[in-house]
Amino acid sequence: MREKHSDASIYQVYIKSFKDSNGDGIGDLNGIRQGLGYISKLGVSHIWITPFLRSPQDDNGYDVSDYRDIEPMFGTMEDFEHLIKEADELGLSIMMDMVFNHTSSQHEWFKKALAGDKKYQDYYIFKDPAEDGGTPNNWESCFGGPAWEYVPSLGKYYLHLYAVSQPDLNWENPEVRKELYDILKFWLEKGVKGFRFDVINEISKPQNFPDAVKGEREPFINGPRVHEFVHEMSKTAFTEYPDVLTVGELAGCDIENLSKFTDPLSGELDTAFQFHHMRADYTNDEKWSSGVLNHKLLKETLFNWVDGVQKRNGCLSLFWSNHDQPRALSRFGDDVNEPEKSAKAVATALYWLGGIPSVFEGEELGMKNAGFVSLEQYRDVESLNYYSILRESGKSEEETLAILAQRSRDNGRTVFPWDNSHAHGFTAGEPWMWSGNSVYKSAADEVAADDSIFAFYRHMLELRRKHSASYNGRFVPVSTGADEVFAYTKEGETENLIIISNLSGNEYCLNKVVDIAFLDNSKLELVQTNDDLPKHSLPDKLAPWSAMVYSIKK
Ligand code: TEU
Ligand code: CA
């Protein structure tokens, strides 16, 4: 059984959109300080704040130009020190988002590299053109187009797996690694208690830089030295800080590698995100086209991951949404007819699976997709790039905007609704991005009501901590006759939990749709529901969007 952080839970703050304290329309560190009381009510243990270090903001802070300085639009070092202290007083640990796969092209290191300094050229990945003068290989940027940019003054290309202004660092260079570990120590000394590592499984590139093969995983995913590097980072930076919580963002990872990254015996990371369940509404595995949710795929993917990681002694971090994803309620629930009940059902289906839950700001308020209808409303570099790519590929304006409305990362980045005043109480000025249709209810309304989505999340997090089977029990899927019905048990030491959640507007006869013949009905006790259900027995009917957790004492 895993002890460290086993009952931890994370609240993700997208700093730009959470709370603006000075009226410039951009969320900031002092805004987060004002929101600490609210976050503390929810009952999480850690707050992951998206990047607030010095950055030209081409990718909203995921392009860092100085890892030891605060971006002025977000505040000062003093503000951050106050934030750590005030969070600590509330029992909340601050986690930083560390972007170590790449820097901003405005970083001192990259500027020196471009100016011809050989030492700093070796901090990045510069390559000669191919024989025909083209790119060194066929790798593509995650934001569209080739992953290589030509620098005429050097006669070389540099690698950028993300935007052109996000050059990849060369982790093969021990000096680069030392710089990065020193940066971690700098922030640890300030009292930071956790880190989320951006695309950390992409840091090791095969040194022969082979072409990517269509249909196969890209060569830079889980590259040859990735486990060695992450282990070294963890040993170097965290040995003296054993309480730190580390979360890896593992893009395109597989079960074996995620388990290895998070097996305590590997000494690499505490937990990690995988993204495969985020593809269950893609068409032909393609993000930039319209699609409908495939419940069968969603459930199989999630259950396979939980089961596979558990068998390999890894630790999965569970999430339905983050700043790169559309809103969970719009995607997995019914934001039109049953926002309240479906938001709770969606939460129940996931967060009892085990691992470490990560709740994205606004998810606990039933926030929805933005419903933007014109290009001017978008801000995200990926969305803007793909607008051009889709239009150039021949798609109509209407079709392109419909795809963006479903897929854009800006859906998750609209401003947080604090109350019902100007700009939802987010700012006294003009918000950097308007909220469109994203608001369901404000935080003030949700906190005041006993049966709100917020109250349900708070209660759920508390119950999870009380019922340890939720995080360290054994996950066993329960078979169902409908793909939309999620059912599983968690087998603990003193009790088993059974979780059933209907992710649809259909009504079912419970014992016909869920295989519950194995249950000892005499010992059932209701733990949590979004419905009106008997306390000591399962209901006969599984109503639309009904969700329940029952305990069976051993
Ligand atoms: O995301 C990396 C990543 O692989 C994705 O989630 C990516 O944003 C998505 O697939 C695009 O469709 C991380 C950050 O979370 C993201 O915000 C950054 O833009 C990206 O790294 C680059 O730092
Ligand atoms: Ca501000």
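Described below are features of the structure shown in this document. Nothing here was measured: the structure is a model prediction, and the numbers come from that model. (Residues numbered from 1 in each chain as written. Chains lettered and ligands numbered in written order. Predicted model: local features only at pLDDT ≥ 70, side-chain atom pairs only at ≥ 80, totals over all residues. Heavy atoms only, no water.)

Some thoughts on the site of ligand 1
Item 1. Neighbouring ligand 1 are 18 residues, the closest being Asp59, Lys287, Asp324, Glu382 and Arg409.
Item 2. Between ligand 1 and the protein, one listed contact pairs an oxygen atom with a side-chain N or O atom of Asp198 at 2.8 Å.
Item 3. A distance of 2.4 Å separates an oxygen atom of ligand 1 from a polar side-chain atom of Glu382.
Item 4. Protein chains shield 91% of the accessible area of ligand 1, which is 490 Å² for the free molecule.
Item 5. Here the shell around ligand 1 is composed, by residue class, of 6 nonpolar, 3 polar and 9 charged. (Near = heavy atom within 4 Å. Polar contact = N/O pair within 3.5 Å; in protein donor to acceptor, adjacent residues only side chain to side chain. Areas by Shrake-Rupley, 256 points an atom, 1.4 Å probe, with all protein chains shown as cover. Nonpolar A, V, L, I, M, F, W, Y, C, P; charged D, E, K, R; others polar.)

Concerning the sheet that holds strand β6 (residues 126-127)
Strand pairing within a sheet occurs via backbone hydrogen bonds; the two strands may be parallel or antiparallel.
Item 1. An order of β6-β8-β7 is seen for the 3 strands of this open sheet, with the pairing classed as antiparallel. A single partner strand is all that each edge strand has here, and the edge strands are β6 and β7 (148-151). (Pairing = 2+ DSSP bridges. Helix = DSSP H or I, 4+ residues; strand = E, 2+ residues; numbered from the N terminus.)

Some points on the packing of aromatic side chains
Item 1. Going through the model one piece at a time under the given rule, you end up with 41 aromatic pairs.
Item 2. Taken together, the ring pairs in this structure connect Tyr67, Phe100, Trp109, Tyr120, Tyr123, Phe195, Phe197 and Phe238 into an aromatic cluster.
Item 3. One residue, Lys16, lies across the ring of Trp432, its end atom 4.9 Å from the ring centre.
Item 4. The lysine or arginine in question, Lys299, covers the ring of Phe486, its NZ or CZ lying 5.6 Å from the ring centre. (Phe/Tyr/Trp six-rings, centres within 6.5 Å; stacked < 30°, edge-to-face > 60°. Lys NZ or Arg CZ within 6 Å of the ring centre and 35° of its normal.)

Quick look at the coordination of the calcium ion (ligand 2)
Item 1. At 2.3 to 2.4 Å from the calcium ion (ligand 2) lie its protein donor atoms, namely Asp20 (OD), Asn22 (OD1), Asp24 (OD), Ile26 (O) and Asp28 (OD).
Item 2. Each donor residue of the calcium ion (ligand 2) belongs to the same chain, with the gaps between them written as D-x1-N-x1-D-x1-I-x1-D.
Item 3. Of the residues examined, Asn22 reaches a relative accessible area of 52% and is grouped as exposed.
Item 4. Looking at Asp24, the relative accessible area reads 35%, which means it is partly exposed. (Donors = N, O, S within 2.8 Å, 3.2 Å for Na, K, Ca; no water. Buried < 20%, exposed > 50% of the residue type's maximum accessible area, 1.4 Å probe, protein only.)

Notes on the environment of Ser421
Item 1. Residue position: Ser421 is located in the loop between α13 (397-407) and α14 (443-448).
Item 2. Given a relative accessible area of 43%, Ser421 falls into the partly exposed group.
Item 3. Between the alpha carbons of Ser421 and Ser442 there is a distance of 9.8 Å; along the sequence they are 21 residues apart.
Item 4. At 2.5 Å, the side chain of Ser421 forms a polar contact with the side chain of Asp419.

Considerations on the nonpolar core
Item 1. In terms of nonpolar packing, the biggest core is built from 140 residues, with Phe80 and Phe195 touching the most fellow members.
Item 2. When neighbours within four sequence positions are excluded, Phe195 is seen to be in contact with Met95, Met96, Met98, Leu184, Trp187, Leu188, Phe238, Val244, Leu245, Thr246 and Val247.
Item 3. Ranked by size, the runner-up nonpolar core spans 20 residues in total, among them Val513, Leu519, Leu524 and Leu526. (Core = buried A, V, L, I, M, F, W, Y, C linked by side-chain atoms within 4.5 Å. Contact = heavy atoms within 4.5 Å.)

Thoughts on the side chain of Lys287
Item 1. With respect to the helices, strands and loops of the structure, Lys287 is situated in the loop between β11 (271-273) and α9 (295-311).
Item 2. In this structure Lys287 comes out as buried when scored by relative accessible area, which is 19%.
Item 3. With near-sequence residues (within four places) excluded, Lys287 lies in contact with Tyr282, Asp324, Glu382, Arg407 and Arg409.

A look at the state of the cysteines
Item 1. Counted under the stated rule, the structure contains 0 disulfides.
Item 2. Here Cys253 stays unpaired: no disulfide links it, and the sulfur of Cys315, its closest cysteine neighbor, is 14 Å away.
Item 3. Residue Cys253 is classed as buried on the basis of its relative accessible area, which comes to 1%. (Disulfide = S-S within 2.5 Å.)

Considerations on the pairing of β7
Item 1. Inspection of the sheet shows β7 paired to strand β8 (residues 156-159) by 4 bridges, in the antiparallel sense. Of the residues in β8, the one forming a bridge with Tyr150 is Tyr157.
Item 2. Taken together, β7 and the strand that follows it, β8, pair antiparallel across an intervening segment of 4 residues, in which Gly155 is found at a positive phi of about 65°.

A look at the sheet that holds strand β13 (residues 356-360)
Item 1. Here we have 8 strands laid out as an open sheet, ordered β11-β10-β9-β5-β2-β1-β13-β12, and parallel in their pairing. The strands lining the two open edges of the sheet, one partner per strand, are β11 and β12 (317-318).
Item 2. With respect to the sheet, helix α3 (residues 77-89) is in contact with β2 (46-49) and β5 (93-98), its orientation differing from that of β5 by roughly 135°. (Axes fitted to C-alpha atoms, helices over the stretch in contact; angles between N-to-C directions.)

Overview of the packing of helix α6 (residues 174-189) against helix α7 (residues 226-238)
In a packed pair of helices, the relevant descriptors are the angle between the two axes and the axis-to-axis distance.
Item 1. Following both chains from N to C, one finds α6 and α7 inclined at 40°, their axes separated by 9 Å at the closest point. Comparing their axes, α7 and α6 come out oblique. Crossing of α6 over α7 shows right-handed handedness. Judged by residue contacts, Arg177, Tyr181, Leu184, Lys185 and Leu188 of α6 engage Phe229, Glu232, Met233, Thr236, Ala237 and Phe238 from α7.
Item 2. For the contact of α6 with α7, the class distribution of residues is 7 nonpolar, 1 polar and 3 charged. (Parallel < 35°, antiparallel > 145°, perpendicular 65-115°, else oblique. Left-handed = near helix turned anticlockwise from the far one by under 90°.)

Overview of the packing of helix α12 (residues 381-392) against α13
Item 1. It is at 10 Å that the axes of α12 and α13 come closest, and there the two elements cross at 145°. Crossing geometry of α12 relative to α13 is assigned as right-handed. Contacts between α12 and α13 pair Ser383, Tyr387, Leu390 and Arg391 from the former with Glu397, Thr400, Leu401, Ile403 and Leu404 from the latter.
Item 2. Residues that form the contact of α12 with α13 fall into these classes: 5 nonpolar, 2 polar and 2 charged.

A closer look at helix α15 (residues 453-466)
Item 1. With 14 residues, α15 extends 20 Å between its outermost C-alpha atoms, agreeing within 8% with the 20 Å of an ideal straight helix rising 1.5 Å per residue.
Item 2. When we look at burial in α15, the residues that qualify are Ile453, Phe454, Ala455, Phe456, Tyr457, Met460, Leu461, Leu463 and Arg464.
Item 3. Contacts made by the buried residues of α15 are with α2 (29-42), α11 (339-351), β13, α14, α16 (469-472) and β18 (524-529). (Expected span 1.5 Å × (residues − 1).)

Observations regarding the environment of Val415
Item 1. You can see Val415 is positioned in the loop between α13 and α14.
Item 2. Taking the relative accessible area as the measure of exposure, Val415 reaches 1% and is therefore buried.

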